[in-house]
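Single-letter residue listing:
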Amino acid sequence: MLDVAVIEDPATAEVSLDPVRARLLAELAEPNSATTLAAKVGLPRQKVNYHLRTLEQHGLVELAEERRKGNMTERVMRATAASYVISPTALAAVQPDPERAPDRLSARWLLAVAARLVRDVGNLLTGAAKADKKVATFALDGEIRFATAADRAAFAEELASAVTALVAKYHDEAAPGGRAHRVVVAVHPSIPKE
């Protein structure tokens, strides 16, 4: 089972967003049969089987094992990932594009950049999985508390200067065999933990 799977197909995204199917996906972090799931979610086993077949057709669940029960074979299913992210690729015609309004101080532009990040890393993960390879990435996540808006603005300016200096130091447009990497640095207000 993957930690995170990226959903790029619009039909698969639609299937995953159905509340019953989303609940079944959550329950299938551990392998379960339709009978066990039916009792957990309060639906008839036939209805659960219908949803499981749909989830299976879209690659969101897979067969974990088959058990003989009398003259029947019970299928035990599991989710293909612990969690899922829907890529903006699933909404290709209306996915955000940071090139439309490049304003580095705009929250909407930041959201478009984040959507591009999800789309690009999702594409990389999908390609790497097909090639049975890993994707070299790096992320930094932290929190800072500013005393004033002026401090926040000064921090943003220093951060931009530092990143620009690092990019200038290490960027080599003519490097034979070199590979371009995207750098995304974002600062936004934290959401209070409940």
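A quick note: this is a predicted structure, and the numbers were derived from the prediction, not measured.

J.: Tell me about the overall build of the protein, and name the residues and values.
T.: Assigned secondary structure in the protein consists of six helices and five strands. Secondary structure of the protein in N-to-C order comes out as β-α-α-β-α-α-β-β-β-α-α. With the C-alpha coordinates aligned to their principal axes, the bounding extent of the protein is approximately 70 × 45 × 30 Å. Long-range contacts, defined as pairs at least 24 residues apart, comprise 57% of the intrachain contacts of the protein with a sequence gap of at least 6. Split by element, the accessible area of the protein, about 14400 Å² in all, is 56% carbon and sulfur. The averaged location of the 25 negative side-chain charges in the protein is 5 Å from the averaged location of its 25 positive side-chain charges.

J.: Explain the nonpolar core residue by residue, including any values.
T.: One finds Leu 28, Val 48, Leu 52 and Leu 55 to be the most contacted residues of the largest nonpolar core, which totals 18 residues. Sorting the residues of this core by element identifies α1 (10-17), α2 (19-27), α3 (34-41), α4 (45-57) and β4 (72-79) as the ones contributing at least two each. A per-element tally of this core places α3 first, with four residues. If we ignore the near neighbours within four places in the chain, the residues touching Leu 55 are Val 15, Arg 21, Leu 24, Leu 25, Leu 60 and Val 61.

J.: Tell me what's going on with the side chain of Arg 21, and back it up with residues and numbers.
T.: Looking at where Arg 21 falls in the secondary structure, it is placed in helix α2. One buried charge, Arg 21, has no salt-bridge partner; the nearest side chain with opposite charge is Asp 18, at 4.5 Å. Only 3.0 Å separates the side chain of Arg 21 from the side chain of His 51, close enough to count as a polar contact. Filtering out sequence-adjacent residues up to four positions away, Arg 21 remains in contact with Val 15, Tyr 50, His 51, Thr 54 and Leu 55.

J.: Break down the domain arrangement of the protein for me, citing the residues and quoting the values.
T.: Taken domain by domain, the protein consists of domain 1 (2-84) and domain 2 (93-170). One C-alpha centre belongs to domain 1, the other to domain 2, and the line joining them spans 34 Å.

J.: Describe the pattern of salt bridges, with residues and values.
T.: For the coordinates displayed, the defined rule picks out ten salt bridges. With a shortest N-O distance of 2.5 Å, Glu 56 and Arg 75 are connected by a salt bridge. One end of the pair, Glu 56, is in helix α4; the other, Arg 75, is in strand β4, with 19 residues separating them in the sequence. Owing to a relative accessible area of 30%, Glu 56 belongs among the partly exposed residues under this scheme. Residue Arg 75 is classed as partly exposed on the basis of its relative accessible area, which comes to 35%. Each of Glu 65, Arg 67, Lys 69 and Glu 74 takes part in one network of salt bridges that share partners.

J.: Could you give me a rundown of α3, with the residues and numbers involved?
T.: All buried positions along α3 are accounted for by Ala 34, Leu 37, Ala 38 and Val 41. Down the axis of α3, the buried side of the element spans an arc of 105°, and every buried residue falls inside it. Lining the buried residues of α3 we find α2, β2 (32-33), α4 and β4. Gly 42, located one to two residues past α3, shows a positive phi value of around 75°.

J.: So what about the packing of aromatic side chains? Which residues, and what values?
T.: Under the criterion given, the structure shown has one aromatic pair. Ring geometry for Phe 146 versus Phe 155: centroids 5.3 Å apart, planes at 55°, classification tilted. On the basis of relative accessibility, which here comes to 23%, the residue Phe 146 falls in the partly exposed class.

J.: Provide a residue-level description of the side chain of Gln 95, including the pertinent values.
T.: Here Gln 95 shows up in the loop between β5 (81-86) and α5 (107-131). We classify Gln 95 as buried; its relative accessible area is 18%.

J.: Please provide a residue-by-residue account of α1, values included.
T.: Turning to α1, its buried residues number three or more, namely Thr 12, Ala 13, Val 15 and Ser 16. The arc enclosing the buried residues of α1, seen along the axis, measures out at 160°, which places them on a common side. In this structure, α1 carries Glu 14 and Leu 17 as exposed residues pointing more than 90 degrees from its buried face.

Definitions and cut-offs
- Residues numbered from 1 in each chain as written.
- Predicted model: local features only at pLDDT ≥ 70, side-chain atom pairs only at ≥ 80, totals over all residues.
- Heavy atoms only, no water.
- Helix = DSSP H or I, 4+ residues; strand = E, 2+ residues; numbered from the N terminus.
- Contact = heavy atoms within 4.5 Å.
- Areas by Shrake-Rupley, 256 points an atom, 1.4 Å probe, with all protein chains shown as cover.
- Lys, Arg positive; Asp, Glu negative; His and termini not counted.
- Charge placed at Lys NZ, Arg CZ, Asp CG, Glu CD.
- Core = buried A, V, L, I, M, F, W, Y, C linked by side-chain atoms within 4.5 Å.
- Buried < 20%, exposed > 50% of the residue type's maximum accessible area, 1.4 Å probe, protein only.
- Salt bridge = Lys/Arg side-chain N within 4 Å of Asp/Glu carboxyl O.
- Polar contact = N/O pair within 3.5 Å; in protein donor to acceptor, adjacent residues only side chain to side chain.
- Domains from an automatic or database assignment.
- Arc of directions from axis to C-beta.
- Phe/Tyr/Trp six-rings, centres within 6.5 Å; stacked < 30°, edge-to-face > 60°.

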